[in-house]
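Secondary and tertiary structure notes
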Amino acid sequence: MGSTSAHSNEGLGRRDLIKRSAALGLISVPAMGFLSACASGGGETNDKVEKGVKSDKNPLGVNESAELDFFLFDGGFGQQYAKDAIKLYEQAYPKAKVKFTPTQKITTELQPRFNGGNPPDLIDNSGAEQMDMGVLVGQKQLTDLTPLLDAPSVDDPSKKVRDTLRPGIIEMGQFDGQPCWMLNYAYTVYGVWYSQKLLDSLDAKYPETWDEMLAVCEKAKKKNIAPWTYAGKHPYYLPFSLYPMIGKVGGREVLDAIDNLEPKAWEHPAVKACFEAYYELQRKGYILQGTPGLDHIQSQTAWTEGKALFIPNGSWVENEAAKTMPADFGLAVSAPTGLDSSDKMPFGTIWAAGGEPFIVPAKAKNPEGAMEQLRIMLSEASSKSFTQSVKSLSALNGGTDGIELSPGLKSGVAALEKAGTNVVNPRLQDWYVALQKEKIGVAGIGEMMAGRATPAETIKKIQKFADEAAKDPNIKHYKHQ
C-alpha cells in the first residue's frame, strides 16, 4: 500500500498502510528480535549534531550544515513526493546534504542501526517490514514530535503546524497521553472500491443494506463477474470494510472496546452479525475463485480486469493499480454496506485516517532536521506534489486548490463529505500490529473467508487472541482516552 499503516504492510511494489497504508505494518519475527535488541540498550555510538540558532526562518533550530539521514518506504506512493520535499529542504539549507534511502526492507536494513544506537534521522515506517509502532513507543525508541506540531507552518507562520492538519492525525500519533510519536503523512479513505462503469453495466446502484448487497452480487454472478475479491494472502485488508461495518451496525463503542482489548468485545452481536454477513459472501460463491491464494497486487489486477466487482482497500489503490486500470474504469469508493435500518450509525459511515507513518528515532543524530523536513512536507507545495503524484490526500487539511482530482480521489472526497462526523478510526492496526495482522487477519478472518472456519469458531479464536494480548506483560497496552 502506499501506505497506510495497514496497507503499507506487504512490501508493495504498497504495502502495509498502514495506514498507508493508509489510507496503510506487519511485525515479523525478525522485527520482534530487533525491538528486543533495541530495548536491551544496544550500542551508544551516536552523538547529536549541534543545534542551530532558532529564527523566524528556522523555528526548530536546525543545524544548517548537518546531514539529514532519511529512509523512505518505497511502496505504492513511490519516491517522487519525498524527492520533491527534499529539494525544498536543500533549498532552505543549501549547506546541508540529505542522504536519501528508499527501501522496502525497513526492518532488515534498520535493525543493525537501531541495535547499534545509530538509527537514521527520519523514517517512513511502512511496508511489510514495518516496525511495530506500539512496541517502539513502549520501549521509548521515538522522539516526541510536539515541537514540530507547535512550530509555525511554512505557509502561514501565524498558524501552528498542528492547526493545519486533518482531523485525527495528531490523535493517531498519540499512544499514551499527549506526546505525539508519529506523523501519518497520507490521509487514507478505506472502504469498498469498485468500477462505476461495471456497476452501471449491471443496472445497479451501490447497495446500502445487506439484502441489497446480496441482490447486486447475484446480478454480477449471473453475468460471470465475481462479486468480490480481496488480498487473500493479506486478509487484514478485509477489515478496511468489515470494521467500519461493525461500527455502523453496533456503534463506535464496539470498535473502541475491541481496540481496548476488553473481555468479550468480539462477542458483541454487531460483530457476530457482520461476520455472518461476510461469511455469506463466501458460502454463496460470491468470492472470486482462487482469491485466498492471491496477494494484494494479483487481486487488484483481477479486479481492474473486470473479473470482480468489489474489493476492500484504501485510497492508495488508485496509484498502486494504475498500470492495469483502464482509462474508463470509473474508479469509485463507498462506505461499507450496512445490515438494515436498525444499524446504530447511518449509511456513509466510513473509516478514514492517517497512514504512512513517519517517525524520528530517539537516538537520531539530527532530530531537528528530521522535524523540519516533515514541516516542509506539510506545506501546501509539498502536499500538492504528493496529491498530484500519488492520487491521495495528505495530512494537510487542504492543499487541493487548483488540482484536478482523479476519479478515485474525487470519489474519496465525496465519501468523506457524505460521512461528515460519521468517520471511525480503529486503532488495532497501529496499537497491536502482530495481533491485527497475523492473528485476527490471517489466522482468524482469513481462515473464515477461505471457508475453513465458521463465524462462531472465528470469533471464539479471535477473542482468545485478544485476551492473550491483554494479559501479556510484555505488550504495552493502550486505551481510548
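In case you missed it, the structure is sitting above this.
What comes next is a walk through the structure. (Residues numbered from 1 in each chain as written. Predicted model: local features only at pLDDT ≥ 70, side-chain atom pairs only at ≥ 80, totals over all residues. Heavy atoms only, no water.)

**Quick notes on the packing of helix α18 (residues 433–449) against helix α19 (residues 455–471)**
Pairs of packed helices are described in terms of their axes, by the angle between the two and the distance that separates them. One way to put it is that α18 packs onto α19 with a least axis distance of 9 Å and a crossing angle of 165°. Viewed along their axes, α18 and α19 adopt a mutual orientation that is roughly antiparallel. Along this stretch, α18 crosses α19, giving a crossing that reads as right-handed. Note on element contacts: α19 touches α18 through P455, T458, K461, I462, F465, A466 and A469, opposite L435, K439, I440, A443, G444, I445, E447 and M448. When its residues are assigned to classes, the contact of α18 with α19 shows 10 nonpolar, two polar and three charged. (Axes fitted to C-alpha atoms, helices over the stretch in contact; angles between N-to-C directions. Helix = DSSP H or I, 4+ residues; strand = E, 2+ residues; numbered from the N terminus. Parallel < 35°, antiparallel > 145°, perpendicular 65-115°, else oblique. Left-handed = near helix turned anticlockwise from the far one by under 90°. Contact = heavy atoms within 4.5 Å. Nonpolar A, V, L, I, M, F, W, Y, C, P; charged D, E, K, R; others polar.)

**Notes on the packing of aromatic side chains**
We describe a pair of aromatic rings using the distance from one ring centre to the other and the angle between the two ring planes. The full count for this structure, using the stated rule, is 31 aromatic pairs. Centre to centre, the rings of Y432 and Y478 are 6.4 Å apart; their planes meet at 50°, and the pair counts as tilted. One end of the pair, Y432, is in the loop between α17 (428–431) and α18; the other, Y478, is in the segment after α19, and 46 residues separate them in sequence. One exposure class covers both Y432 and Y478, and it is buried. Here the aromatic residues Y190, Y236, Y237, F240, Y243, W266, F275, W316 and W351 are joined through ring pairs into a cluster of three or more. Stacked on the ring of Y187, the Lys or Arg R166 has its end atom at 5.5 Å from the ring centre. (Phe/Tyr/Trp six-rings, centres within 6.5 Å; stacked < 30°, edge-to-face > 60°. Buried < 20%, exposed > 50% of the residue type's maximum accessible area, 1.4 Å probe, protein only. Lys NZ or Arg CZ within 6 Å of the ring centre and 35° of its normal.)

**As for the pattern of salt bridges**
What the rule picks out here adds up to 15 salt bridges. For E129, the salt bridge goes to K105, with nearest N and O atoms at 3.8 Å. One end of the pair, E129, is in the loop between β3 (122–124) and α4 (133–138); the other, K105, is in the loop between β2 (98–103) and α3 (106–115), with 24 residues separating them in the sequence. A relative accessible area of 15% places E129 in the buried class. K105 sits in the partly exposed class, given a relative accessible area of 44%. Linked through salt bridges whose partners overlap, the residues forming this network are E280, R283 and K284. (Salt bridge = Lys/Arg side-chain N within 4 Å of Asp/Glu carboxyl O.)

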